[in-house]
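Chain residues, written in single-letter form:
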Amino acid sequence: MTKIFCRLLVLVAIPLLAAILGTLVPRPLFSTSANEGPATREVLVLSNPIHTDLALRLDDDLRRELADLGPLGFEIDHPGAAYLIIGWGGRAFYIETPTWGELKPVPLFKAMTIDSSVMHVDLAGEISPEDPTVRRLEVTEEGYRRLLAAIGNSFARKDGRLQRVADAAYGEYDAFFEANGGFNALLGCNTWTGAMLRTAGIRTGWWTPLPPLLAWSLDLHQ
């Protein structure tokens, strides 16, 4: 009985220690000059209990950068849209679980193991600065350009074209696209968000698989 208890304790302690160190240890380890200069751009991190998205102000500049979404039926030029929301995640869970009430065993199993990935893009109106699920970060123009390039590289392309996932959407103004990279429980949507922020010059924790860990690491290292 004692041996079983010790083994269970180790199984719990290892991921807990990894999560603590992943939050406390910054990435990059040493601050660089990557984000020096005036912060002229804003990046929003939207969080729920298990998932994070990025939200970018949908101006004419961003519309030009992501113009290849338009020919695939995504209304990037919608006049009522103020923000573009972008996320990366496991294909089965992301597409098949628009709400907690629609949670199914197979997508959950794939999310906890290994799955292919998709990008999710959505349109939103103005986002309240008082919303507790939103964190606003400022980056330089150079950091913003690196972020856009990294987001663009997250989309999978065939013959240079984005690949929309047919008949997959939560509503009228969102869409799913094929993505690069495999999804697993250790390297999931929140580690993607952290990686995107780092390309913009924002330090995060080394490994932040959950939204609270990413948020705490931003509190520590910004």
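Everything below is about the structure printed above this text.
Below: a short report on this structure. (Residues numbered from 1 in each chain as written. Predicted model: local features only at pLDDT ≥ 70, side-chain atom pairs only at ≥ 80, totals over all residues. Heavy atoms only, no water.)

Per the secondary structure count, the protein includes seven helices and 12 strands. Here the protein holds 222 residues, and 42% of them are scored as buried. Accessible area for the protein stands at about 12,200 Å²; split by element, carbon and sulfur atoms hold 62% of it. (Helix = DSSP H or I, 4+ residues; strand = E, 2+ residues; numbered from the N terminus. Buried < 20%, exposed > 50% of the residue type's maximum accessible area, 1.4 Å probe, protein only. Areas by Shrake-Rupley, 256 points an atom, 1.4 Å probe, with all protein chains shown as cover.)

This part covers the layout of surface pockets. One number sums up the size of the largest pocket: a volume of about 920 Å³. Along the walls of the largest pocket sit 34 residues, with Asn48, Ile50, His51, Phe93 and Cys189 positioned nearest its centre. Elements supplying a minimum of two residues to the lining of the largest pocket: helix H1 (2-24), strand E2 (39-47), strand E4 (83-90), helix H3 (91-96), helix H4 (105-112), strand E6 (117-124), strand E11 (183-184) and helix H6 (189-199). Across the lining of the largest pocket, the residue classes tally to 20 nonpolar, 12 polar and two charged. (1 Å grid on protein atoms, 1.4 Å probe; cavity = no way out; pocket = protein on both sides within 12 Å on 5 of 7 lines; lining within 4 Å. Points joined across faces, edges and corners; volume = space filled by probe spheres on them. Nonpolar A, V, L, I, M, F, W, Y, C, P; charged D, E, K, R; others polar.)

A cluster of nonpolar residues, Ile20, Leu24, Val25, Leu29, Phe30, Trp206 and Leu220, forms a patch on the protein surface that exposes about 710 Å² of accessible area. With respect to the element layout, Val25 can be found in the loop between H1 and strand E1 (26-27). (Patch = residues over 30% accessible without salt bridge, like charges linked within 9 Å, V, L, I, M, F, W, Y side chains within 5 Å. Salt bridge = Lys/Arg side-chain N within 4 Å of Asp/Glu carboxyl O.)

For the rest of this paragraph, the subject is the packing of aromatic side chains. Per the counting criterion, the structure on display carries four aromatic pairs. Ring geometry for Tyr94 against Phe176: centres 5.4 Å apart, planes inclined by 80°, an arrangement best described as edge-to-face. With a gap of 82 residues between them, Tyr94 in helix H3 and Phe176 in strand E10 (residues 174-178) connect regions that are remote in the sequence. Seen from their ring centres, Phe155 and Phe177 are 5.9 Å apart, and the 75° between their planes marks the pair as edge-to-face. Of the two residues, Phe155 is situated in the loop between helix H5 (141-154) and strand E8 (157-158) and Phe177 in strand E10; the sequence distance between them amounts to 22 residues. Take Phe155 and Phe177: they sit in the same class, and that class is buried. By way of ring pairs, the aromatic residues Tyr94, Tyr170 and Phe176 are connected into one cluster. (Phe/Tyr/Trp six-rings, centres within 6.5 Å; stacked < 30°, edge-to-face > 60°.)

So, to be careful, I would describe these as geometric facts and stop short of saying anything about function.
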